[in-house]
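# An overview of the molecular structure
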Amino acid sequence: MIKIIKTSMVLLIAIVISACQTTSPYDYSKLQVSKPRSILVLPPMNDSVEVGAPYTFLSTISKPLAEKGYYVFPVAVIDTFMKENGLPTPAEMNSVPIAKLRDTIGADAVLYVHIHEWGQSYQVLSSTAVTKAYMKLVDTRTGEILWDTTAFAQQQSGDGGGGLVGALVGALVTQIMSDAVDHTPTLSASANDRAINDMNRGLLNGPYARSGQSK
Amino acid sequence: MKKIFVVLLVVLLSACANTKPNQYYWGNYENLIYKMYNKPGDADPGKQIQLLTEDLQKAQAKGKPVPPGFHAHLGLMYAMLGNAAQSQVAFEQEKTLFPEAEPLVSSLMDKQGKEAEGK
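Since we're looking at a predicted model, the values are computed, not measured.

A count of helical and extended segments in chain B gives six helices and zero strands. What you see in chain B, going N to C, is helices and strands ordered as α-α-α-α-α-α. Expressed as a percentage of the 119 residues in chain B, the buried residues total 29%. Counting contacts in chain B only where the partners sit at least 6 residues apart, residues at least 24 apart contribute 49% of the total.

Laid out in structure tokens, this is it:
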């Protein structure tokens, strides 16, 4: 018995440790040359069926970028400004030539975001909430990609104990509760925070980062 | 045995996590962005101005700065209510705290100026 516990302990520790690491180092050379001070986040393109996804994402991206030391343009001000200038949808905003964004807004870099998955899906015994977005940071002078990543988070609920009946009731309760509560802002905030602060392929510190921060 | 195991796991997991305190006082800023697009009735400009002004006081009490974009967002809310004077004060404040905002603030003020002329 003790032997089994010991073996599983070692295995689990190995899994946990490997979860922290990724294999190949990220190439930061272009980011290190460009050294952007300010980041403009455009309203994301959206492949999911959740129509609110782009703006929910926008409400979860300023904090991790600003805490990383960058000036982040006010996302709602930018959205309003672009709409008032004849660009009513994210698709149109994303097709503006990057040099023009530099001229009118003065951004050093633009974060282009593409949402792949978003929202809650229900199975018989559980419900899953997911957010998945690819993002790339592009230099507004050269048009080169400085950094890119995928932010992903998933939350499963409803598989509590109590046998089949318990599980069914659990799933039902979770579904009823999920109708009232939108889990995607919390998930997206945590996904963005982890992607931006990842030890191996996160974003490097910006000019406002406090001294003593990791990167 | 079990206890050591749990403690070890927690230590290992927390090694991956990022738990440093924020450098800015965030208050309601991001939650208001969520609400203005998802539940606009809960975040009309007047309500936002009220909550953001309270945040400014709380930030001051805590000795932390408000984040980039905060004052510009407040300026947008004043502009939406037609209060051009307060809106410009807020935009100027954004520029003073973060010089990176200068081109955006100029573009916004140009636009406000043109709209005022058109009236």
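Once the structure has been displayed, the description carries forward.
Attention now moves to the overall build of chain A. Scanning chain A for helices and strands turns up nine helices and six strands. A total of 215 residues make up chain A; the buried ones form 37% of that total. For chain A, restricting intrachain contacts to residue pairs at least 6 apart in sequence, the fraction spanning at least 24 positions comes to 72%.

Residues and elements named next belong to chain A. Inspection of the sheet shows strand 1 (residues 38-41) paired to strand 4 (residues 109-122) by three bridges, in the parallel sense. Directly across from Leu40, in strand 4, lies its bridge partner Val110. Summarising the sheet, strand 4 and strand 5 (residues 127-139) pair through 13 bridges and their orientation is antiparallel. Bridging from a neighbouring strand, Gln120 pairs with Ala129 of strand 5.

What follows deals with helix 5 (residues 84-97) of chain B. Residues and elements named next belong to chain B. With 14 residues, helix 5 extends 20 Å between its outermost C-alpha atoms, agreeing within 8% with the 20 Å of an ideal straight helix rising 1.5 Å per residue. When we look at burial in helix 5, the residues that qualify are Ser87, Ala90, Phe91 and Glu94. End-on, the buried residues of helix 5 take up no more than an arc of 100 degrees, which puts them together on one face. Projecting away from the buried face of helix 5 at angles above 90 degrees are the exposed residues Ala85 and Thr96.

So, on to the nonpolar core. Grouped together as the largest cluster of nonpolar side chains are 67 residues, with contacts concentrated most on A:Ile39, A:Leu40 and A:Val41. If you tally residues by element for this core, the top one is helix 4 (residues 70-80) of chain B, at seven residues. Residue contacts for A:Val41: discarding those within four places in its chain leaves A:Leu58, A:Ile61, A:Val72, A:Val75 and A:Leu111.

Moving on, we come to the packing of helix 3 (residues 45-62) of chain B against helix 4 of chain B. Residues and elements named next belong to chain B. One can describe the packing of helix 3 onto helix 4 by two numbers: an axis separation of 9 Å at closest approach and a directional angle of 145 degrees. Where helix 3 crosses over helix 4, the handedness of that crossing is left-handed. Where helix 3 approaches helix 4, its residues Pro45, Gln48, Ile49 and Leu52 are matched on the opposing element by Leu74, Met77, Tyr78 and Met80. Classifying every residue of the contact of helix 3 with helix 4 by side-chain character gives seven nonpolar, one polar and no charged.

This next bit is on unusual backbone geometry. Phi at A:Lys35 is positive, roughly 45 degrees, even though this residue is not glycine. Secondary-structure assignment places A:Lys35 in the loop between helix 2 (29-34) and strand 1.

For helix 5 (residues 75-84) of chain A, the set of buried residues is A:Val75, A:Ala76, A:Val77, A:Ile78, A:Asp79 and A:Met82. For helix 5 of chain A, the elements touching its buried residues are strand 1, helix 3 (53-58), helix 4 (62-67) and helix 6 (90-94) of chain A together with helix 2 (29-38) and helix 4 of chain B. Backbone geometry just downstream of helix 5 of chain A places A:Gly86 in the positive-phi region, at approximately 85 degrees.

This paragraph deals with the packing of helix 5 of chain A against helix 4 of chain B. Interhelical geometry of helix 5 of chain A versus helix 4 of chain B gives an angle of 45 degrees and a closest axis separation of 8 Å. Comparing the axis directions of helix 5 of chain A and helix 4 of chain B gives the class oblique. Contacts between helix 5 of chain A and helix 4 of chain B involve A:Ala76, A:Val77 and A:Thr80 on the former and, on the latter, B:Ala72, B:His73 and B:Leu76. When the residues that make up the contact of helix 5 of chain A with helix 4 of chain B are grouped by side-chain class, the tally is four nonpolar, two polar and no charged.

Rules of the game
- Note on numbering: residues in each chain are counted from 1, in written sequence order.
- Starting at A for chains and at 1 for ligands, labels are handed out in the order in which the entities are written.
- In keeping with the predicted nature of the model, local features appear solely for residues at pLDDT of at least 70, side-chain atom pairs appear and are counted solely at 80 or more, and the whole-chain, interface and lining totals rest on all residues.
- Here a helix means four or more residues in a row that DSSP labels H or I, a strand means two or more in a row labelled E, and each is numbered from the N terminus.
- Around each residue's C-beta, the other C-beta atoms within 10 Å are counted; 20 or more make the residue buried, 12 or fewer make it exposed, and counts in between make it partly exposed. All C-beta atoms are placed from the backbone.
- Two residues qualify as being in contact provided that their C-beta atoms, derived from the backbone, are within 7 Å of each other.
- Note: two strands are recorded as paired if DSSP finds a minimum of 2 bridges between them.
- Here, expected helix span is obtained from the residue count minus one, scaled by 1.5 Å.
- Arc definition: directions from the helix axis to the C-beta atoms.
- In these notes, a nonpolar core means any group of buried Ala, Val, Leu, Ile, Met, Phe, Trp, Tyr and Cys residues linked to one another through C-beta atoms within 7 Å.
- Here an axis means a line fitted to C-alpha atoms, over the contact stretch when the element is a helix, while the angle between two N-to-C directions is reported on a 0 to 180 degree scale.
- Crossing handedness is defined as follows: a turn of the near helix away from the far one that is anticlockwise and smaller than a right angle gives a left-handed crossing, while the clockwise case is right-handed.
- Amino acids outside the nonpolar list (Ala, Val, Leu, Ile, Met, Phe, Trp, Tyr, Cys, Pro) and the charged list (Asp, Glu, Lys, Arg) are all regarded as polar, and Gly is one of them.
- An angle below 35 degrees is read as roughly parallel, one above 145 as roughly antiparallel, one from 65 to 115 as roughly perpendicular, and any other as oblique.

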